[in-house]
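Each chain is listed here by its residues.
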Amino acid sequence: MIKVLFFAKLRESLGCGSLEWPVQEALSLKDLRDQIIARHPEWEPDLCAQNVIAAVNQAVAAPHEVVQPGDEVAFYPPVTGG
């Protein structure tokens, strides 16, 4: 399983804060996102938005990064501080 988290406005627009994604082997972050979209096609505009950031185990990750069972993946919009 991979724990998938959605934060901030992304969580609000998807109507979901987290989910457990069943996987048996490693896959790319892009493949994971594509699998989620295949099950929830209405989420595609939000998850594929150009400004969405993804992190694997709390480190920002590129789409080609590998995720494995037991990892935590988070999707969130850009954040600003002051």
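Just above, that's the structure.
A brief structural summary. (Residues numbered from 1 in each chain as written. Predicted model: local features only at pLDDT ≥ 70, side-chain atom pairs only at ≥ 80, totals over all residues. Heavy atoms only, no water.)

**Brief notes about the overall build of the chain**
Applied cut-off: To qualify as a helix, a DSSP run of H or I must reach at least 4 residues; to qualify as a strand, a run of E must reach at least 2; elements of each kind are numbered from the N terminus. Each accessible area value is a Shrake-Rupley result obtained with a 1.4 Å probe; residue values ignore everything except the protein chains displayed when judging cover.
Helix and strand counts for the chain come out as three helices and seven strands. In the chain, the order of α-helices and β-strands from amino to carboxyl end is β-α-β-β-α-α-β-β-β-β. With the principal axes as the frame, the chain shows a C-alpha extent of 40 × 25 × 20 Å. Split by element, the accessible area of the chain, about 5000 Å² in all, is 50% carbon and sulfur.

**Details of the sheet that holds strand S7 (residues 72–76)**
By definition, the strands of a sheet pair up through backbone hydrogen bonds, in either a parallel or an antiparallel sense. To keep it simple, the criterion reads: We call two strands paired when DSSP finds no fewer than two bridges between them. The contact definition used throughout considers only heavy atoms, calling two residues in contact when any of these lie within 4.5 Å. Only the contacting stretch of a helix is used when fitting its axis, a line to C-alpha atoms as for every element, and angles between N-to-C directions run 0 to 180 degrees.
If you walk across this open sheet you meet the five strands as S2-S1-S7-S4-S5, and the pairing is mixed. In this open sheet, the two strands that pair with only one neighbour each are strand S2 (18–21) and strand S5 (59–60). Across four bridges, the pairing between strand S1 (residues 2–6) and S7 is parallel. The residue of S7 that forms the bridge with Leu-5 is Ala-74. Against the sheet, helix H2 (residues 29–39) engages S1, S2, strand S4 (53–56) and S7, with an angle of about 70° to S7.

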